[in-house]
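# Chain and residue survey
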Amino acid sequence: MTDAAHRGGAPDATELRRRTKELLAAHPPLETGRTAFLEARFDAGLAWVHYPEGLGGLGAPRTLQAVVDAELEAAGAPDNDPRRIGIGLGMAAPTILGFGTQEQKARFLRPLWVGEEVWCQLFSEPGAGSDLAALGTRAVREGDDWVVDGQKVWTSSAHLARWAILIARTDPDVPKHRGITYFVCDMTDPGVEVRPLRQITGEAEFNEVFLTGVRIPDSHRLGEIGDGWRVAQTTLMNERVSIGGMRIPREGGMIGPVAKTWRERPELRTHDLHQRLLKLWVEAEVGRLTGERLRQQLVAGQPGPEGSGLKLGFARLNQEISGLEVELLGEEGLLYEDWTMRRPELVDFTGRDAGYRYLRSKGNSIEGGTSEVLLNIVAERVLGLPSEPRTDKDVAWKDLAR
């Protein structure tokens, strides 16, 4: 036993390696079913080591997660397919941890991390996207339940999800930011209807969701009544880090396929394309290292507005890289492999062709907060510039022009 473990403090790297080896010995990956192994990993506190004991963690520093992941990867252990359950991992889990009751944490976190239950996000609406606080979906209290009516849009994975994080208006008589409450919604309940939204790529990765008389028990409320905007900020800040700050190797992400084509197809090269590729390669590496620094800063607590800047750069860079790739390929770049209407389980930027990457990256400046909104956040909360004038600050939501 290490000194840290003996003193009852947070486990150190040596202790985590020991616990990981014990997990592998008790549940050999080649002999244990995937779900059974992931459940055992969660119960051993090796799912997300910085979470509390009993909730998939050991109260260890966040940076030590890499120690566990490296040991498990070397042993050929299965992961929880994080791309498929990214909304649950990156958005729902930290919000539940921060604002959920003990019963909510115990009920939702384990199947979320294992991947048994997929999550989606019911935030944006047709009339409340960039101005999310203007949302009009209503939740009215009836005894121990809330009855929800409204429409949400641009909902990734709604066609796969069992649960959703949902914000709704519970008090129209106060200014828009103050009358919102945050809920967990069961997507299998009566009154929940999911319709596909076909995108420019031909796929229906997004959805619109109609809520008609959906009953949500008050036990599925996160945070206090009317405090949903503050709870939602935790979700949004974590969302931007999860989108823009994903851990990737050098030449991972969108820059990888372009660099590979450049090396393998010398006949496509020109001086101008070379200069542009070098510039974007450097920017991609800067973004990757900035994301790593931000993840290390998270050891001190929840993400701040810096994640908005990272996501802002991610969107611009993806669009410029995909545009360069199409130009580099010339006529080949105009081809598109398949326009078949599909409802995919995940977004695969690097496993598809250049045409798909070019079209799909257009959504990067919208999803997870539009670039215009993120510029305002960076200006006000990072640079300390004056906020834009707001005429609706003290006006009740019901009195706003719509």
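Calculation notes
- Residues numbered from 1 in each chain as written.
- Predicted model: local features only at pLDDT ≥ 70, side-chain atom pairs only at ≥ 80, totals over all residues.
- Heavy atoms only, no water.
- 1 Å grid on protein atoms, 1.4 Å probe; cavity = no way out; pocket = protein on both sides within 12 Å on 5 of 7 lines; lining within 4 Å.
- Points joined across faces, edges and corners; volume = space filled by probe spheres on them.
- Nonpolar A, V, L, I, M, F, W, Y, C, P; charged D, E, K, R; others polar.
- Core = buried A, V, L, I, M, F, W, Y, C linked by side-chain atoms within 4.5 Å.
- Buried < 20%, exposed > 50% of the residue type's maximum accessible area, 1.4 Å probe, protein only.
- pLDDT = per-residue confidence, 0-100.
- Contact = heavy atoms within 4.5 Å.
- Pairing = 2+ DSSP bridges.
- Helix = DSSP H or I, 4+ residues; strand = E, 2+ residues; numbered from the N terminus.
- Disulfide = S-S within 2.5 Å.
- Phe/Tyr/Trp six-rings, centres within 6.5 Å; stacked < 30°, edge-to-face > 60°.
- Lys NZ or Arg CZ within 6 Å of the ring centre and 35° of its normal.
- Polar contact = N/O pair within 3.5 Å; in protein donor to acceptor, adjacent residues only side chain to side chain.
- Expected span 1.5 Å × (residues − 1).
- Bend = angle between axes of the 7 residues up to and from the residue.

Attention shifts here to the layout of surface pockets. Of the pockets and cavities examined, the second largest pocket occupies roughly 190 Å³. Forming the boundary of the second largest pocket are 17 residues, of which Gly127, Ala128, Ala134, Leu135 and Arg402 lie nearest the centre. For the lining of the second largest pocket, the per-class residue count stands at six nonpolar, five polar and six charged.

On to the nonpolar core. Membership of the largest hydrophobic core comes to 55 residues, with the highest contact counts inside it found for Trp48, Trp119 and Met187. Formed by 16 residues, the second largest nonpolar core is a distinct cluster that contains Leu277, Leu280, Ile321 and Leu324.

What follows covers the confidence of the model for the protein. When pLDDT is averaged along the protein, the result is 90; 94% of the residues meet or exceed 70. A low-confidence stretch, residues 1-7 (pLDDT under 50), is modelled with eight contacts involving residues beyond four sequence positions or located in other chains.

Turning our eyes to something else, we now look at the pairing of strand S3 (residues 145-152). Strand direction decides the pairing type here: strand S2 (residues 138-142) and S3, joined by five bridges, are antiparallel. The residue of S3 that forms the bridge with Arg138 is Asp149. Connecting S2 to the antiparallel partner S3 that follows it, the hairpin turn spans two residues, and Gly143 within it adopts a positive phi of roughly 65 degrees.

A word on the pairing of strand S1 (residues 119-122). Across the two faces of S1 the burial is the same, with Trp119 and Gln121 and Cys120 and Leu122 all buried. Looking at chain direction, S1 and strand S4 (residues 163-169) are connected through four bridges and run parallel. Counterpart to Cys120 in the pairing with S4 is Ala164.

Below, the discussion takes up the state of the cysteines. Overall, the coordinates contain zero disulfides when judged by the stated rule. Cysteine Cys120 shares no disulfide, and the gap to the nearest cysteine sulfur, in Cys185, comes to 7.9 Å. Here Cys185 falls in the buried class, since its relative accessible area comes to 1%.

This brings us to the packing of aromatic side chains. Under the counting rule described, the total for this entry stands at nine aromatic pairs. Note on Trp48 and Tyr51: the rings are 4.2 Å apart at their centroids and 25 degrees apart in plane angle, and the pair reads as stacked. Across this residue pair, the class does not change: Trp48 and Tyr51 are buried. With a centroid separation of 5.9 Å and 85 degrees between ring planes, the pair formed by Phe123 and Tyr182 is classed as edge-to-face. On the criterion of sequence distance, the pair formed by Phe123 in the loop between S1 and S2 and Tyr182 in strand S5 (residues 180-186) is long-range, its members being 59 residues apart. Like Phe123, the residue Tyr182 is buried in the burial classification. One aromatic cluster is present, built from ring pairs that chain together Phe108, Trp119 and Trp163. The ring of Phe210 carries the charged tip of Arg195 above its face, separated from the ring centre by 4.0 Å. Residue placement shows Arg352 over the ring face of Tyr356; its charged tip is 3.9 Å from the ring centre.

Below, the discussion takes up the environment of Ala161. In this structure, Ala161 sits in the loop between S3 and S4. For Ala161, a relative accessible area of 11% corresponds to the buried category. Ala161 has contacts with Val118, Trp119, Cys120 and Met187, leaving out every residue within four places of it along the chain.

This brings us to unusual backbone geometry. What you tend to see is this: most non-glycine residues have negative phi, and most peptide bonds are trans. Not every positive phi belongs to a glycine, and Asp81 is a case in point at roughly 55 degrees. Relative to the elements of secondary structure, Asp81 occurs in the loop between helix H4 (65-74) and helix H5 (86-99). Assessed through its relative accessible area of 27%, Asp81 is described here as partly exposed. One non-glycine residue, Ser157, lies in the positive phi region at around 65 degrees. Relative to the helices and strands, Ser157 is located in the loop between S3 and S4.

Moving on: the side chain of Lys152. In this fold, Lys152 is placed in strand S3. Classification of Lys152 as buried rests on a relative accessible area of 0%. From its side chain, Lys152 meets the backbone oxygen of Phe123 in a polar contact 3.1 Å long. For Lys152, the side chain forms a polar contact with the side chain of Glu125, separated by 2.9 Å.

In this section: the environment of Gly351. Tracing the chain through its elements places Gly351 in the loop between helix H10 (306-329) and helix H11 (354-360). Along the sequence, Gly351 and Pro257 sit 94 residues apart, while their C-alpha atoms lie 9.1 Å from each other.

On to the side chain of Gln104, then. For Gln104, the location among the structural elements is in helix H6 (residues 102-114). Among all residues touching Gln104, those that are not within four sequence positions of it are Ile96, Phe99, Leu109, Ser219, His220, Arg221 and Leu222.

Taking 1.5 Å per residue as the helical rise, H5 with its 14 residues ought to reach 20 Å, and the 19 Å between its terminal C-alpha atoms agrees with that figure. The axis of H5 is deflected most strongly, by about 40 degrees, at Ala92, and proline Pro94 appears within four residues downstream. Summarising burial for H5: 10 of the 14 residues are buried, a large majority. Within the sequence span of H5, burial applies to Ile87, Gly88, Leu89, Gly90, Met91, Ala92, Ala93, Pro94, Thr95 and Ile96.

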